[in-house]
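One-letter residues, chain by chain:
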Amino acid sequence: MELLVFVLASVMVLAGAIGVIAYRNPVHAALGLVLTLFGIAVHFVSMEAHFLAAVQVIVYAGAIVVLFLFVIMLLGVDRAEDLTVEPFQIQRPLAVIIGVAISGLITAAVVRGRSTLGERIDSGVPGDDNIRELARSLYSDNVFAFELTSVLLIVAVVGTVVLTRRQRGGVDK
Amino acid sequence: MNLLNRIPSADPMLDAESFWWQPLAVVGLKVLVVFVIGLVGTMFMVWFERKIVAGMQNRVGPNKAGPFGLLQTLADGTKLFFKEDLIPEKADPFVFRIAPFLAFVPAFLVWAVIPLGGDFTGGRDGTVTWFGQVTRVQLADPPIGVLLVLALSSIAVYGVMLAGWSSGSKYPLLGSVRASAQMISYEAALGLSLAAVLMTAGTLSTSGIVSAQSSITNWHLLSTGIVPFVVFLIAMTAELNRPPFDLVEAEQELVGGFHTEYSSIRFALFFLAEFMNVISMSALLVTLFLGGPQPLYLGGVDIFAVLGPFGGTAWLLLKVFAFLYMYVWFRATLPRLRYDQLMNLGWKVLIPISLGWFILLAALQVARDSDVSGLEYALIVGGCLVGIALAYMLFQAALNVARRNREAEGAAY
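Caption draft 1: How the structure looks around the overall build of chain A. Along its length, chain A carries seven helices and zero strands. When the 173 residues of chain A are sorted by exposure, 17% land in the buried category. Within chain A, counting contacts between residues at least 6 apart in sequence, those at least 24 apart form 50% of the total.

Caption draft 2: Molecular detail of the interface of chain A and chain B. Taken together, the contact between chain A and chain B spans 18 residues of the former and 21 residues of the latter. Looking at the side of chain A that touches chain B element by element, the count peaks at 12 residues for helix α3 (residues 50-75) of chain A. Partitioned by chemical class, the residues of the side of chain A that touches chain B number 13 nonpolar, three polar and two charged.

Caption draft 3: Fine view of unusual backbone geometry. Residue and element names in this part refer to chain B. Between P243 and the following residue, P244, the backbone shows a cis peptide bond with an omega angle of 0°. By the secondary structure assignment, P244 is in the loop between α9 (227-239) and α10 (251-254). Positive phi values are uncommon outside glycine, yet F68 reaches one of about 60°. In this fold, F68 is placed in the loop between α2 (21-56) and α3 (72-81). Taking the C-beta count within 10 Å as the criterion, F68 has 12 such neighbours and is therefore assigned exposed.

Caption draft 4: Examining the packing of α3 of chain B against helix α11 (residues 264-289) of chain B more closely. All names here are of chain B. Here α3 crosses α11 at 140°, and the two axes come no closer than 7 Å. What the angle tells us is that α3 and α11 run oblique. Facing α3, whose interface residues are G77, L80 and F81, α11 presents S264, I265, F267 and A268. Tallied by class, residues from the contact of α3 with α11 come to five nonpolar, two polar and no charged.

Caption draft 5: Spatial organisation of the confidence of the model for chain A. Scored by pLDDT, chain A has a mean of 82; 84% of the residues are at 70 or more. Mean pLDDT values for the elements of chain A range from 72 in helix α5 (residues 114-117) of chain A up to 91 in helix α4 (residues 91-112) of chain A.

Caption draft 6: Spotlight on helix α5 (residues 145-166) of chain B. Residues and elements named next belong to chain B. For α5, spanning 22 residues, the distance from its first C-alpha to its last is 32 Å, which sits close to the expected 32 Å at 1.5 Å a residue. For α5, the tally of buried residues reaches 21 of 22 residues, placing the bulk of the element in the interior. Of the residues flanking the end of α5, it is G168, one or two places downstream, whose phi is positive at about 65°.

Caption draft 7: Fine view of α9 of chain B. Residues and elements named next belong to chain B. With 13 residues, α9 extends 18 Å from end C-alpha to end C-alpha; this agrees with the ideal 18 Å at 1.5 Å per step. Those residues of α9 hidden inside the fold are in contact with α5, α6 (170-201), α8 (220-223), α11, α12 (311-333) and α13 (339-369). Just downstream of α9 lies N241, where phi reads positive at about 55°.

Caption draft 8: Expanded view of the packing of helix α4 (residues 93-109) of chain B against α11 of chain B. Residues and elements named next belong to chain B. Between α4 and α11, the least distance of the axes is 8 Å, while the angle of their chain directions is 25°. Judged on the interaxial angle alone, α11 and α4 are roughly parallel. As for the relative orientation of α4 and α11, their crossing is left-handed in sense. Here α4 contributes P100, F101, A103, F104, A107 and F108 to the contact with α11, which in turn contributes R266, L269, F270, L272, A273, M276, N277 and S280.

Caption draft 9: Highlighting the environment of P335 of chain B. Residues and elements named next belong to chain B. Position of P335 relative to the elements: it lies in the loop between α12 and α13. We classify P335 as exposed; it has 7 C-beta atoms within 10 Å. Residues P335 and P244, 91 residues apart in the sequence, show an inter-C-alpha distance of 5.9 Å.

Caption draft 10: The arrangement of the environment of A181 of chain B in detail. Turning to its location among the elements, A181 of chain B is positioned in helix α6. Sequence separation of A181 of chain B and M199 of chain B is 18 residues, and the distance between their C-alpha atoms is 28 Å.

Caption draft 11: Layout of the confidence of the model for chain B. Residues and elements named next belong to chain B. For chain B, mean pLDDT is 81; residues scoring 70 or higher make up 90% of the total. When the elements of chain B are averaged for pLDDT, helix α1 (residues 2-6) gives the smallest value, 40, and α9 the largest, 90. Contacts of residues 1-10 to residues separated by more than four positions or lying in other chains number 13 contacts, the stretch itself having pLDDT below 50. Two numbers describe this predicted complex: its pTM, 0.83, and its ipTM, 0.76.

Caption draft 12: Looking closely at the environment of A91 of chain B. Residues and elements named next belong to chain B. Among the secondary structure elements, A91 is positioned in the loop between α3 and α4. Spatially, the C-alpha atoms of A91 and P115 are 40 Å apart, while their sequence positions differ by 24 residues. Not counting residues up to four positions away in its chain, the partners in contact with A91 are F96, S166, S167, G168 and E261.

Caption draft 13: Layout of the nonpolar core. Core analysis: the biggest nonpolar cluster contains 120 residues, and V34 and A54 of chain A together with A103, V110 and A235 of chain B have the highest contact counts within it. With 16 residues, α11 of chain B is the single largest residue contributor to this core. Ignoring any residue separated from it by four or fewer positions in sequence, one finds V34 of chain A in contact with A61 and V65 of chain A.

Parameters and conventions
Residues numbered from 1 in each chain as written. Chains lettered and ligands numbered in written order. Predicted model: local features only at pLDDT ≥ 70, side-chain atom pairs only at ≥ 80, totals over all residues. Helix = DSSP H or I, 4+ residues; strand = E, 2+ residues; numbered from the N terminus. Buried ≥ 20, exposed ≤ 12 C-beta atoms within 10 Å, placed from the backbone. Contact = placed C-beta atoms within 7 Å. Nonpolar A, V, L, I, M, F, W, Y, C, P; charged D, E, K, R; others polar. Axes fitted to C-alpha atoms, helices over the stretch in contact; angles between N-to-C directions. Parallel < 35°, antiparallel > 145°, perpendicular 65-115°, else oblique. pLDDT = per-residue confidence, 0-100. Expected span 1.5 Å × (residues − 1). Left-handed = near helix turned anticlockwise from the far one by under 90°. Core = buried A, V, L, I, M, F, W, Y, C linked by C-beta atoms within 7 Å.

In C-alpha cells form, the structure reads like this:
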C-alpha cells in the first residue's frame, strides 16, 4: 500500500516536473507545477506529516502558483514564447552547468548518506502531535531564524514596492 | 471510548475487531450519505433561494414543477444536461474542460470533514454505534480537519481563475481576475478569524472543535468574543462570491463573469459548486462557532431529544438553515459593493480587526494558562487594549498619509 502510494505520488511529481519544462504555454507549465506540489503533499501525507501536507497545498498550490498565474495573465504572456530569441547570451550554457552541478551535488549527497536512508527515524511523536512539535521547535529553538526569515520577507516586499515605484519616474518625491 | 482516544487519526472503526463487512458498510453508508446530502442540499438551496427571493420581491417564484415548485431545480438540471456543450474557438480546450471540475470537486470534498450529527445529549461526545461499530457521523476526521477546508478553498480559486482565462475572451478574464483577487484577499481575514477559534479549541480536528463547545457559553461564538464570528461571516460571504460581494459576476459590467462562455453541463457544474459551497461553508461556520450538532438547551430542555441519535443532525440542520436564510436575505436586500470598497473592507478593516483580536485572545490564553491573579489578568487585558489602540492609531495615520500621497498624485475620491 505504502509502495503504491509512493509510486503514484512520484509519478505525479515527475510528470508535473516534466510538464513544467516541456509545455510551451506558461499557464500549462504552471499547472504542471501544481501537479508536482500535489504529489509532494501526497508524499507528506504518506509519511504522516499531515500538517506539512496541508500547508504545502495552502501555501504553494493555493497562494504561490495562484500568484504565478495572476502575473502570467496580467502580463499577457500566456502564449507560447519564441525560444529562438535569447536576451542573455550566456544564459543557456550557464543553466546547463548549474543543472549538472546541482544534480551532481544531490547524487553525491545521496551516495554519501546512503547508509542512513533506509532507517526510519522514530521521533517518538505520534503523527498528530507534529503540529505541536513543529511549533515548539519553531518558536523556541529556532525562534531567531524564524523571526529573521519573516523580517527578510517583509524587507523583500517593501523593497519591491520602493523599487517599482521609483522606476516610474517623478512619482516618488 | 478508549479505542477512540487511542487512535486519534483516521477513523476509529478501521482498527476495531469485527466482521469484515461492518467497517465497509459504515464507510459506504457515510460516503453515500455525504454525496446525497451534497446533491439534494444543493437542489434544495437553489429552490429555497429562488422561492425566498421571490417572496421578498412580492413574486410567486417557481411553482410548476412538483409541490411548491420543489422539482424546478431538477428540471433545470435535466435541461442543462441536454444542451449543446460549446467550446469557444479561442478557448484553450484542455483547461476549459478541466476548470469546472476544479471548482466542483473541492466544493464536494468539504463535506467529508464536517460533523453531520451525532449523539451529544447529556454531554456525550458525539459518537454513535452503527452495525456494531463506534463511529462519528462524519466521513473523515483527519487530525488537520479545518486546514483541509482551507486547502480545498484555495484549490477552488483555480477553477474560477482557469475558467476565466481559458475562455479566451475579455469579460470572463476580467471576472476571473476579480474573483481570484477577492478570494485571495479575503482568505487572509478568514484564516485569521479561524485561527482564533482553533486557538480557543486547542485542536484542528472538526470533531474536536465540536466537542469543545459542549454548552452555550463554550460556543466559540461567545468564547472568542463574537468579533471573529462577524469577521468570518463577512469574509466567508466574500469567499463565496455571494451578494453583496458578487462583483465576480456583476452582470452590468461583466456579462456573467468567469463562466460567461460556459454552457450545458459545464455551466451546471459551476452553478452546483457555487450553491454547494454556500451550504458547506454555512455548515463549517456552524461547526466552528455554533457548536455544530451540539444541542442548545432552552430552559434545560433539548427540543430535538425525541429524535434520539438524530437530534444532533436536526440541530445542525436548524442552525445551517438560519445561515442559508441569511444569505438569501443578503441577496434580496443588500446592494453590491464597488470594487475599491470591497478591497478596502478586506484589507483595511477585516484583516487588522481579526489580527488585533487574535493577539488579544492569544494574550488572554497565555494569561489563563499560567494561572495569574485577577489583578494581573486585568493588567494584561488593559495592556493589550492599549497596545491595540496604539496600533490602530498608527494604522490610521499610515492610511491618512497614503491617501494624501495618492491625492497629491492626482487620484480623486
